[in-house]
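Residue-level structural notes
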Amino acid sequence: MSTFLWIILVIVALLVGVAGGFFMARKYMEKYLKDNPPINKDQLRAMMLQMGQKPSAKKLNQMMNSMKAHAK
């Protein structure tokens, strides 16, 4: 009976560890995204203006699409 009890305890500990790790990682990612939000079109427009470029809507959309494709 002792071996059966150890197997059950190991399985329960594994399940608790997986669930705890999932929720801790989720909380960390939510905090990270809150502190460091992804770039948006307004920020991209400001960066282009600082670099001396004239940001057109077409150019902004191209850069946003390329950034999304690069993130995948």
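Per an unreviewed UniProt entry, the protein chain carries the name UPF0154 protein D7I45_02870 and comes from Apilactobacillus bombintestini. Per its UniProt entry, the protein chain bears the Sequence similarities (unreviewed entry) comment "Belongs to the UPF0154 family."

**Quick word on the packing of aromatic side chains**
Enumeration over the complete set of coordinates arrives at 2 aromatic pairs. Each ring, one from Phe 22 and one from Phe 23, has its centre 5.1 Å from the other, and the planes form 75°; the classification is edge-to-face. According to the relative accessible area criterion, Phe 23 is partly exposed, its value standing at 49%. Seen in terms of ring centroids, Tyr 28 and Tyr 32 are 6.5 Å apart; in terms of plane orientation they differ by 25°. Their pairing is stacked. Linking Tyr 28 with Tyr 32, this pair stays in helix H1 (residues 2-35), spanning 4 residues, or about one helical turn. For Tyr 28, a relative accessible area of 54% gives the class exposed.

Criteria and thresholds
- Residues numbered from 1 in each chain as written.
- Predicted model: local features only at pLDDT ≥ 70, side-chain atom pairs only at ≥ 80, totals over all residues.
- Heavy atoms only, no water.
- UniProt positions renumbered as here; feature names shortened; annotations may be inferred.
- Phe/Tyr/Trp six-rings, centres within 6.5 Å; stacked < 30°, edge-to-face > 60°.
- Buried < 20%, exposed > 50% of the residue type's maximum accessible area, 1.4 Å probe, protein only.
- Helix = DSSP H or I, 4+ residues; strand = E, 2+ residues; numbered from the N terminus.

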